[in-house]
Amino acid sequence: MTRTMRSLMDWKDWNPDEVKELLNFAQIIEKDRFRYQGFLQNRTLVMLFQKTSTRTRVSFEAGITELGGHAIFLDWEKTNFKLSRISFETHYLSKNSDLIMARMKKNEDLEEMLSSSTVPVINGCCDKYHPCQALADMLTMASSQEKPIEGTKLTYIGVHNNVVNSLMSVCGALGVQLTLVCPEAQFIDESSRDQLLTNGLLTETLDLGAAVKDADYVYTDTWVDMEFFNDPDYQQQKEERLKLMMPYQINKKLMEGSKAKIMHDMPIHPGYEISEEMVYDERSIIFNQAANRLIAQKAIMITLLGMNHQ
Ligand code: CP
């Protein structure tokens, strides 16, 4: 089956004007959260989770409820996705719903869902991308400053992971200057990286002082993926990762003299990627960032369903 409608795997599949328009739309919703109340009346969102979640589940469910629609939560372990082919189960889902949001462990499985669905599919975070988070991050930055988002300086310190890949693609679309301090990488999307480099928007360094000095925002994420954090078989790799990453913690000393706002996509592991005192530091916009998931995803859902929002 070929894809016939718009879905969201990652922002690299969207053209920059579409991403800019979507961010503008999210900003309109942010100013008046209930402006589009009832827009998705009688629409059903199916949310399939192979992994744990707090924000993605709550923000999608609350978001579609506020728009007049309805969400169905599916825990992978309790569905027949476990017993059959992803393509067959997804094809069925798209017959009884208007939108699918899936948090899958493997990007290939999400690709299979996109190929077998007749309704838009939204990536709720896979091993390679986390686009909903990245749009919420840009919305948070845009609403935390007077100046335009283009040219804003964002420094990410941590492991190069799925969050970073989507930050690269969204920063490329919006003209955000991204500095990466990533001593370790899980997966690097080379096409998004090349695009940023070509446009002069990417700096890669291990010099923490230089990376933080002129940054408008300093951002970090977990050093160990959520499914491995408490996995007994992963403990040795976890210890090695923590040892390597400890010098890159966001803490009071690193942020001394910096006016940069502090970001983290949550869940937080205090004492690892960020010291506890920085979570509630006056420069922290972490909880606003998390709350903006709902706003950004309302914009995504309305847009993917082709509702006229002008
Ligand atoms: N940031 C994020 O995706 O949070 P959850 O894993 O809790 O959904």
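Since we're looking at a predicted model, the values are computed, not measured.

The rules behind each value
Residues numbered from 1 in each chain as written. Predicted model: local features only at pLDDT ≥ 70, side-chain atom pairs only at ≥ 80, totals over all residues. Heavy atoms only, no water. Helix = DSSP H or I, 4+ residues; strand = E, 2+ residues; numbered from the N terminus. Buried < 20%, exposed > 50% of the residue type's maximum accessible area, 1.4 Å probe, protein only. Near = heavy atom within 4 Å. Polar contact = N/O pair within 3.5 Å; in protein donor to acceptor, adjacent residues only side chain to side chain. Areas by Shrake-Rupley, 256 points an atom, 1.4 Å probe, with all protein chains shown as cover. Core = buried A, V, L, I, M, F, W, Y, C linked by side-chain atoms within 4.5 Å. Contact = heavy atoms within 4.5 Å. Pairing = 2+ DSSP bridges. Axes fitted to C-alpha atoms, helices over the stretch in contact; angles between N-to-C directions. Right-handed = clockwise from strand over helix to strand, strands pointing away. Salt bridge = Lys/Arg side-chain N within 4 Å of Asp/Glu carboxyl O.

## Remarks on unusual backbone geometry
The linkage connecting Met266 with the following residue, Pro267, adopts the cis geometry, with an omega of 5°. Positionally, Pro267 belongs in the loop between strand 9 (261–264) and helix 11 (276–279). Phi angles above zero are rare outside glycine, and Asn42 is one such case at about 65°. Looking at the element boundaries, Asn42 is found in the loop between helix 1 (16–31) and strand 1 (44–49). Look at Met266: it is not a glycine, yet its phi comes out positive at around 65°. Assignment of secondary structure puts Met266 in the loop between strand 9 and helix 11. Among the residues examined, Met266 registers a relative accessible area of 15% and is labelled buried.

## Topic: the site of the ligand
Surveying the vicinity of the ligand reveals the residues Ser53, Thr54, Arg55, Thr56, Arg103, His130, Gln133, Met226, Asp265, Met266 and Arg293. Within the side chain of Ser53, a nitrogen or oxygen atom sits 2.7 Å from an oxygen atom of the ligand. In this structure, an oxygen atom belonging to the ligand sits 2.7 Å away from a side-chain N or O atom of Thr56. Protein chains bury 97% of the 260 Å² of accessible surface belonging to the ligand in isolation.

## Here we look at the nonpolar core
Core analysis: the biggest nonpolar cluster contains 60 residues, and Trp11, Leu45, Ile122, Met138, Leu154, Ile300 and Met301 have the highest contact counts within it. Once residues within four sequence positions are removed from consideration, Leu45 is found in contact with Phe60, Ile64, His70, Ala71, Ile72, Leu99, Ile100, Met101 and Met301. Ile157, Val181, Met255 and Ile286 belong to the second-largest nonpolar core, a separate cluster that totals 27 residues.

## Considerations on the side chain of Gln249
Examined against the element boundaries, Gln249 turns out to sit in the loop between helix 9 (235–245) and helix 10 (252–255). For Gln249, a relative accessible area of 11% corresponds to the buried category. Separated by 3.0 Å, the side chain of Gln249 and the backbone oxygen of Tyr272 make a polar contact. Not counting residues up to four positions away in its chain, the partners in contact with Gln249 are Trp223, Leu254, Gly271, Tyr272, Glu273, Ile274 and Ser275.

## Thoughts on the sheet that holds strand 7 (residues 202–204)
The parallel open sheet is built from five strands, whose spatial order is 7-6-5-8-9. For this open sheet the edge positions go to strand 7 and strand 9, each flanked by a neighbour on one side alone. Taken over all neighbouring pairs, the strand axes of this sheet differ in orientation by 20° on average, direction set aside. Sheet topology note: the strand 8 (residues 217–220)/strand 9 ladder contains four bridges and is parallel. Among the inter-strand pairings, Thr220 is bridged to a residue of strand 9, identified as His264. Those strands touched by helix 12 (residues 286–304) are strand 8 and strand 9, and its axis lies near 50° from that of strand 9.

## A word on the pairing of strand 5 (residues 153–157)
Regular strands place side chains that alternate from one sheet face to the opposite one. Within strand 5, four of the five residues are buried, which leaves it mostly tucked inside the rest of the structure. The β-α-β motif built from strand 5, the intervening helix 6 (residues 162–174) and the parallel element strand 6 (residues 177–181) has right-handed crossover chirality. Both strand 5 and strand 8 contribute to a ladder of three bridges, which runs parallel. Residue pairing for strand 8: Leu154 is matched across the bridge by Tyr217.

## A few points about the pattern of salt bridges
Taken as a whole and judged by the stated rule, the model has 13 salt bridges. When the shortest N-O distance is used, the salt bridge between Asp189 and Lys12 registers 2.7 Å. Of this pair, Asp189 sits in the loop between strand 6 and helix 7 (190–198) while Lys12 sits in the segment before helix 1, placing them 177 residues apart in sequence. By relative accessible area, Asp189 is classed as buried at 4%. Given the relative accessible area of 37%, Lys12 is considered partly exposed. Glu204 is the partner of Arg193 in a salt bridge, and the nearest nitrogen-oxygen pair spans 2.8 Å. With Arg193 in helix 7 and Glu204 in strand 7, the pair connects residues that are eleven residues apart, well separated along the chain. Residues joined in a network through salt bridges with shared partners are Arg33, Glu66 and Lys298.

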